[in-house]
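Structural overview
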Amino acid sequence: PPTFIMLRARLITGLLRAFAALPWTVNRALGFALGALLAYIPNPLRRHSAINLSLCLPELPLAERQRLLRSSLIETGRTALEAGPLWFWSADRVCALMGPARNVEPVEEAIRSGRGVILATPHLGSWEMAGHFCAVRWGSTNLYRPPRLRALDGLLRHSRERLGARMVPTTASGVRSLYETLAAGGVVGMLPDQDPGQGGGIFAPFFGLPANSMVLLGRLARKTGAKVFFGYCERLPGTQGYQFHFQPAPAGIDDPDPLIAAAAMNQGVEACVRALPEQYQWGYRRFRNRPPGESPIY
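Now for a quick tour of the structure. (Residues numbered from 1 in each chain as written. Predicted model: local features only at pLDDT ≥ 70, side-chain atom pairs only at ≥ 80, totals over all residues. Heavy atoms only, no water.)

What to know about the packing of helix 3 (residues 44-56) against helix 4 (residues 62-88)
How two helices sit against one another is set out by the angle between their axes and by the gap between those axes. This is how it is decided: Angles shown run from 0 to 180 degrees and are taken between the N-to-C directions of axes, each axis being a line fitted to C-alpha atoms and, for helices, limited to the stretch in contact. Strands are runs of DSSP state E lasting at least two residues, helices are runs of H or I lasting at least four, and both sets are numbered from the N terminus onward. Oblique is the label for any angle not under 35 degrees, not over 145, and not in the 65 to 115 range, which are roughly parallel, roughly antiparallel and roughly perpendicular in turn. It is the rotation of the near helix from the far one that decides the hand of a crossing: anticlockwise by less than a right angle makes it left-handed, clockwise makes it right-handed. By definition in these notes, contact holds between two residues if any of their heavy atoms fall within 4.5 Å. Polar here means any residue outside two lists: the nonpolar Ala, Val, Leu, Ile, Met, Phe, Trp, Tyr, Cys and Pro, and the charged Asp, Glu, Lys and Arg; Gly therefore counts as polar.
Packing of helix 3 against helix 4 leaves a shortest axis separation of 10 Å and a crossing angle of 135°. Taken together, the axes of helix 3 and helix 4 are oblique relative to one another. The chirality of how helix 3 crosses helix 4 is right-handed. Together, Leu-45, Arg-46, Ser-49, Ala-50, Leu-53 and Ser-54 of helix 3 and Arg-65, Leu-68, Leu-69, Leu-73 and Thr-76 of helix 4 make up the contact between the two elements. For the contact of helix 3 with helix 4, the residue count by class is six nonpolar, three polar and two charged.

Digging into the pairing of strand 4 (residues 187-190)
For clarity, the cut-off: Relative accessibility under 20% of the residue-type maximum defines a buried residue, over 50% an exposed one, and the middle range a partly exposed one, all with a 1.4 Å probe and only protein chains included. The pairing criterion is simple: DSSP has to find at least two bridges between the two strands.
A two-sided burial pattern is seen for strand 4, the buried positions comprising Val-187 and Gly-189 on one face and Val-188 and Met-190 on the other. Note: strand 1 (residues 117-120) against strand 4, four bridges, orientation parallel. Bridge pairing links Leu-119 to Gly-189 in strand 4. Across two bridges, strand 2 (residues 141-144) lies against strand 4 in parallel orientation. Note on strand 4: the bridge partner recorded for Thr-141 is Val-188.

Things to note about the pairing of strand 1
Within a regular beta strand, the side chains point alternately toward one face of the sheet and then the other, so they alternate between its two faces. The alternating pattern of strand 1 places Val-117 and Leu-119 on one face and Ile-118 and Ala-120 on the opposite face, and all of these are buried. In this structure, strand 1 lies alongside strand 7 (residues 227-235), joined through four bridges in parallel fashion. Bridging from a neighbouring strand, Val-117 pairs with Lys-227 of strand 7.

With respect to the pattern of salt bridges
Here the idea is simple: oppositely charged side chains can pair when their charged atoms come close. Quick reminder of the rule: Salt bridge criterion: a side-chain nitrogen from Lys or Arg within 4 Å of a carboxyl oxygen from Asp or Glu.
In this structure the tally under the stated criterion is 12 salt bridges. As a salt-bridge pair, Arg-235 and Glu-82 come within 2.8 Å of each other at their nearest N and O atoms. Here Glu-82 lies in helix 4 and Arg-235 lies in strand 7, a separation of 153 residues in the sequence. Using a relative accessible area of 4% as the deciding quantity, one classes Arg-235 as buried. Salt bridges linked by common partners bring Arg-28, Glu-75, Arg-78, Glu-82 and Arg-235 together as one network.

Brief notes about unusual backbone geometry
You will see that Asn-103, though not glycine, has its phi angle at about 65°, which is positive. Looking at the secondary structure, you find Asn-103 in the loop between helix 5 (91-95) and helix 6 (105-112). Exposure remark for Asn-103: the relative accessible area of 38% places this residue in the partly exposed category. If you check the backbone angles, Phe-207 has positive phi at about 55° while not being a glycine. Inspection of the secondary structure puts Phe-207 in the loop between strand 5 (202-206) and strand 6 (209-213).

Digging into helix 3
Just so we agree on the cut-off: The length a helix should cover is 1.5 Å for every residue beyond the first. Within 3.5 Å is the distance limit for a polar contact, defined as a pair of N or O atoms, with the added protein rule that one can donate a hydrogen and the other accept it, and that residues adjacent in sequence qualify only through two side-chain atoms.
An ideal rise of 1.5 Å per residue puts 18 Å on 13 residues; helix 3 measures up with 18 Å between its terminal C-alpha atoms. Elements in contact with the buried residues of helix 3: helix 4 and helix 11 (258-275). Residue Asn-43 occupies the N-cap position of helix 3, its side-chain oxygen lying 3.1 Å from the main-chain nitrogen of Leu-45.

Here it is as structure tokens:
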């Protein structure tokens, strides 16, 4: 019912504002506590994370996978708590948390060349801060999937656009905006590790397993000639803030064969994850859609 939807949206908004009102040290500590609780009690996030870790990193000893499981769930708790500050704090307070970016020079060079740049930022570290970083630095146009709770869409867009980004939805008009931005030599940001849904992608290897993968990124790169980089915003220990890391895209990201392009995209995501596995969102059901004839994983 509409009344229930509005009440739920107000409750979530109130919680976000409450998280934003906390001192940063307290926010971080509560995020740690929430994540530690997720790691201790049975819940879907813990179960899905354990399944994904066993599928994607089978070469690791069980004890190491269990350590990664706990660490990643703690980072999930921090992700939830930090959303309030990153959505509601002033621009100056948010920017004060941004550390220097590593390997950003190739990105800047590509932008100066006027070719346009595609930044692929997986669900690794703080993707909310990654969006703010790109907004402040380049005024990026970022693709986003509107929330299931539509009453929160306006808040989400405002919170992510207030530092200079432009958010466009995963619709035909949103995709046109991406092409227009790249044609003008601008910067486009997107999450490359989301399942695009049945019929919306192609099955390409991800950590050696077929994963339903978007084809849009490769198509954009091929048709516009834009340079592709992968990036992630590492959450630094304690209250130090964040540091952005950039990596060049693997060869084949703009291949005319969508399977080759999607495989290169997943390879780029995998390289980022292997660099910081503790902060990946392992609880996301990345393999929920399976190739025809394969059994469900979750």
